[in-house]
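Take a look at the letters that make up each chain.
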Amino acid sequence: MTEAAADPAYLDVARSVTGRRWYSRTADDRHALAIAEANGLPEIVGRVLAGRGVAIDEVDDFLNPTLRAALPDPSSLRDMDRACERIVRAVNGGERIGVFADYDVDGAASAALLVRFFAAIGHDLAVYVPDRMSEGYGPNIGGLRALRADGVSVVIAVDCGTTAHEPLAEAAALGLDVVVLDHHVAEAGLPEAVAVVNPNRMDEENDCRQLAAVGVTFLFAVAVNRALRDAWWYGEGHAEPDLMAWLDLVALGTICDVVPLTGVNRALVAQGLKIMARRNNPGIAALADVAGLDERPGAYHAGFVLGPRVNAGGRVGESGLGARLLSIDDPSEIAEIAARLDRYNKERREIESGVLDRAMELAEARDAGADAAREPVILVAERGWHPGVIGIVASRLRERFNRPACVLAIEGEIAKGSGRSIPGAALGSAVIAARQAGILAAGGGHAMAAGFTVATERIGELKAFLDEHIARQLGHRIPAVGLAIDGVLTPKGATASIVGALESVGPFGAGNPRPRFALPRVKVARADVVGTDHVRCFLVGAEGGSRLKGIAFRATDTALGRTLLETAGAPLHVAGHLKVDRWQGRDAVELVIEDAARP
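Residues numbered from 1 in each chain as written. Predicted model: local features only at pLDDT ≥ 70, side-chain atom pairs only at ≥ 80, totals over all residues. Heavy atoms only, no water.

Turning next to the packing of helix α7 (residues 105-120) against helix α10 (residues 213-230). For the pair α7 and α10, interaxial distance at closest approach is 8 Å and the crossing angle is 15 degrees. By the angle between their axes, α7 is roughly parallel relative to α10. The two elements α7 and α10 meet at a crossing, and its hand is right-handed. Taken together, the residues of α10 that come into contact with α7 (itself represented by D106, A109, S110, L113, L114 and F117) are A213, V214, T217, F218, F220, A221, V224 and N225. (Axes fitted to C-alpha atoms, helices over the stretch in contact; angles between N-to-C directions. Helix = DSSP H or I, 4+ residues; strand = E, 2+ residues; numbered from the N terminus. Parallel < 35°, antiparallel > 145°, perpendicular 65-115°, else oblique. Left-handed = near helix turned anticlockwise from the far one by under 90°. Contact = heavy atoms within 4.5 Å.)

Given below as structure tokens:
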């Protein structure tokens, strides 16, 4: 079972108003205190570090991640040297190089990184991004032919290509040499390519499996840069580029692909956010401006403000806009693309809202059925759903049910699906196994996310296959729906200095979640609805006096929202994470409320 089910309920909350069991993320209070004392840290920071498995002698490296310490030798990855040799030969020979990129943020950031790197060494790249609706994911022969017709002889496939056996075989027949830079789960057999650089190859022995594609691409740029230096490329007419200047792209792609922000990823993101704050990339700066972002960007802004706008082109607009925006420096074109992506993002939110409401309705109805406890995977499908938003909806279902979730948009006899998973359930492997079993027409992914295409008549068969595959991974035990708590706070203790101390544990994201605290037996002094569906309130502790502002997003019609609005001064345990509200120049601490329970 999970920690949520095995450990004693935190504050005796066995079932909150949202149906979750609270449990302590910190297994050993003595270890937490030892971390704090040995490193001169506030006790609350020691608890948070202990809850993330940080050893006493690892604290400094965790709090101050550096690429010097964390970045692996690119040559430790299989095929990296082979890929570099082919690219250096193409650069020296003046061959035209093309990039075939996925349409999500990871792919767009990877493509932009390559465009900027090769431009800096005097080599322009051709970029092809497939249309999500008409072409789907990964290399396709139409796109590869278009690159060949453009004079390209070498193609770098980024964030895709590992399972593209047929398209890459046809590419070879066209005379294209392909280098794959990817991170998706691989099969035993690799496609026909000059090199497949992927830390998740089955024959890899490295410890870089958590890298996003943009992280792999950055290592590739480091390796090519080194090879060019060894080949005496840099000198008169060729200045060596500063690769660190593009870590903002690496941070953006890594955060948005929801890979664990631990190890090398933590260092890449920590350093990349510093670069992002300098607004070096005019495309990222323009997106921040259209979004009204007026503070130093953090992991949250990359993942929930900037990333969705980059993604919006591929979801409901034009797939190549994100990569284009991040690659160029022309102010007028940048402003025009940023504005279009912002409009597309608004359209995406409207579409997503309708699909999410219906998907949640279907999932909750099925979950309430007699067999719900035996279903490891939430799977919903319906005609008319927009394929561009099903991944986001799958994420929402995963969050709600704490189980792998798949959402399928049916069109005619075919359904396109997207899935999101939980730790311990490798969805990408399950999808690949379903494709190998002949159930899927296409499919792939990594541990936490996958995409696939299936005949409508085989959706039921797919559901049964995924249930069995995921059940085996989970030991035939459905994870309890739990909420991890890092510690207890009072409204009076929720200060700006505490928030500042906790920020040292960031950047936060997958693998390093934002610290969550419980405020026991507080009273809701006032609560109302703000915006369309957010609940704002003020919390007062048992000691009285200090009030802490709280906000529960998208909660008006939920059990949490109703509890906050109707509690009428009764004591309430509240859980959430702290943030600083800087709206309109304010600098006040508030609690983002995630759950509540009656004592």
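Within strand β17 (residues 572-581), nine of the ten residues are buried, which leaves it mostly tucked inside the rest of the structure. Relative to strand β18 (residues 588-597), β17 runs antiparallel, the two being bridged by nine bridges. Residue G576 lies in a different strand from β18, and its bridge partner there is I593. (Buried < 20%, exposed > 50% of the residue type's maximum accessible area, 1.4 Å probe, protein only. Pairing = 2+ DSSP bridges.)

This next bit is on the sheet that holds strand β7 (residues 378-383). Ordered by their spatial adjacency, five strands build an open sheet running β7-β8-β9-β11-β10, and the pairing between neighbours is mixed. Both edges of this open sheet fall to β7 and β10 (442-446), since each of them pairs with a single strand only. The sheet shows a mean angle of 15 degrees between the axes of neighbouring strands, direction not considered. Of the pairings in the sheet, the one linking β10 to strand β11 (residues 449-455) comprises five bridges and is antiparallel in character. Bridged to H446 within β11 is A449. Running over the sheet, helix α17 (residues 390-401) touches β7, β8 (405-411) and β9 (414-420) and is turned about 45 degrees from β9.

Moving on, we come to the sheet that holds strand β6 (residues 195-197). What the five strands build is an open sheet, ordered β3-β2-β4-β5-β6; its pairing is parallel. Every other strand in the sheet has two partners, leaving β3 (125-128) and β6 as the edge strands with one partner each. Direction aside, the axes of adjacent strands within the sheet are offset by 20 degrees on average. Relative to β3, strand β2 (residues 96-101) runs parallel, the two being bridged by four bridges. Paired with V99 across the bridge in β3 is V127. Along the sheet, α7 contacts β2, β3 and β4 (152-158); its crossing angle with β4, the most-contacted strand, is approximately 135 degrees.

The next subject is the side chain of S421. Structurally, S421 can be placed in the loop between β9 and α18 (427-436). We classify S421 as buried; its relative accessible area is 1%. Among residues more than four places away in sequence, those in contact with S421 are R398, P404, L427, A447 and M448.

If you walk through the whole model with that rule in mind, you get 39 salt bridges. Between E352 and R348 there is a salt bridge, with the nearest N and O atoms lying 2.3 Å from each other. Here the residue E352 and the residue R348 both occupy positions in helix α16 (residues 331-367), the gap between them amounting to four residues, near one helical turn. Take E352: its relative accessible area is 7%, and that puts it in the buried class. Linked through salt bridges whose partners overlap, the residues forming this network are R78, D79, R82, R201 and D203. (Salt bridge = Lys/Arg side-chain N within 4 Å of Asp/Glu carboxyl O.)

The next point concerns the packing of aromatic side chains. Evaluated as defined, the whole model comprises four aromatic pairs. Ring centres of F117 and F118 lie 5.3 Å apart, and the angle between their planes is 80 degrees; this geometry places the pair in the edge-to-face category. Relative accessible area serves as the criterion here: at 0%, F118 is assigned to the buried category. Through successive ring pairs, a cluster of aromatic residues spans F117, F118 and W246. One cation-aromatic arrangement involves R400 over F401; the distance from NZ or CZ to the ring centre is 4.7 Å. The lysine or arginine in question, R547, covers the ring of F538, its NZ or CZ lying 4.6 Å from the ring centre. (Phe/Tyr/Trp six-rings, centres within 6.5 Å; stacked < 30°, edge-to-face > 60°. Lys NZ or Arg CZ within 6 Å of the ring centre and 35° of its normal.)

Let us now look at unusual backbone geometry. In this structure, P507 follows G506 across a cis peptide bond, with omega equal to 5 degrees. Residue position: P507 is located in the loop between α20 (496-503) and β14 (517-530). Unlike most non-glycine residues, R521 shows phi in positive territory, near 50 degrees. Inspection of the secondary structure assignment puts R521 in strand β14. Overall, the relative accessible area of 45% leaves R521 in the partly exposed class. One non-glycine residue, R554, adopts positive backbone phi at about 50 degrees. Counting through the fold element by element, R554 comes out in the loop between β16 (547-552) and α21 (559-566). Look at R554 and you get exposed, because its relative accessible area is 51%.

Read these as geometric descriptors, not functional statements.
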